[in-house]
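Summary of structural features
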Amino acid sequence: MWFAIFGQDIENSLELRKELRPAHLARLNPLIEEGRVLIAGPHPRDDKSDPMDVGFSGSLMVIDFASLEDAQAWVEEDPYKTGGVFDSVIVKPFLKVAP
């Protein structure tokens, strides 16, 4: 089943995000290669500025896991969570209906 993962960043997370991004992507890429990632990306702080200048407020990932417990366990080991980028994380089942 798909699970939507909403990570909310700490304030001023940009430098820490940059530092941890390679490890975060290294963990995410195998799931992408397996076809288990529907969408993934960060939320820019606003819609008017270059995010690499103003930073991000969080991330959204929609990933296929066998269970909610598996999704939550995966998140708990993600470098953005263990490294302190994410202040909080919400994991919810997601039903894709369109397109």
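Notes on the structure in this doc start here.

Conventions and cut-offs
Residues numbered from 1 in each chain as written. Predicted model: local features only at pLDDT ≥ 70, side-chain atom pairs only at ≥ 80, totals over all residues. Heavy atoms only, no water. Helix = DSSP H or I, 4+ residues; strand = E, 2+ residues; numbered from the N terminus. Polar contact = N/O pair within 3.5 Å; in protein donor to acceptor, adjacent residues only side chain to side chain. Contact = heavy atoms within 4.5 Å. Expected span 1.5 Å × (residues − 1). Buried < 20%, exposed > 50% of the residue type's maximum accessible area, 1.4 Å probe, protein only. Core = buried A, V, L, I, M, F, W, Y, C linked by side-chain atoms within 4.5 Å. Salt bridge = Lys/Arg side-chain N within 4 Å of Asp/Glu carboxyl O.

Description of the side chain of Asp9
Assignment of secondary structure puts Asp9 in strand 1 (residues 2-9). At 2.6 Å, the side chain of Asp9 and the side chain of Ser13 are in polar contact. A polar contact is formed between the side chain of Asp9 and the side chain of Arg17, at a distance of 2.6 Å. Here Asp9 is in contact with Arg17, Phe56, Ser57, Gly58, Val85, Phe86 and Asp87, once residues within four sequence places are set aside.

What about helix 1 (residues 14-33)?
The periodicity of an α-helix, 3.6 residues per turn, causes residues three or four positions apart to be oriented the same way. Between its terminal C-alpha atoms helix 1 stretches 27 Å, which fits the 28 Å expected from 20 residues at 1.5 Å a residue. Along helix 1, the residues classified as buried are Leu14, Arg17, Leu20, His24, Leu28 and Leu31. Looking one or two residues past helix 1, Gly35 carries a phi angle of roughly 75°, positive in sign.

With respect to the nonpolar core
Side chains that are nonpolar tend, in soluble globular proteins, to be buried together. Core analysis: the largest hydrophobic core is formed by 16 residues, its most contacted members being Ile5, Met61, Ile63, Phe65 and Trp74. Of all the secondary-structure elements, those providing two or more residues to this core are strand 1, helix 1, strand 3 (56-64), helix 3 (68-76) and strand 4 (86-94). Not counting chain neighbours up to four residues away, the residues in contact with Ile5 comprise Ser59, Leu60, Met61, Ile63, Phe65, Trp74, Val75, Val89, Ile90 and Val91.

Focus: the pattern of salt bridges
Across all of its chains, the model carries four salt bridges by this definition. As a salt-bridge pair, Lys18 and Glu15 come within 3.5 Å of each other at their nearest N and O atoms. Here Glu15 and Lys18 lie together in helix 1, a separation of three residues that amounts to about one turn. Judged by its relative accessible area of 38%, Lys18 falls in the partly exposed class. One salt bridge in this structure joins Arg36 and Glu34, with 3.1 Å as the shortest N-O distance. Taking the relative accessible area as the measure of exposure, Arg36 reaches 23% and is therefore partly exposed. With relative accessibility at 51%, the residue Glu34 sits in the exposed group.

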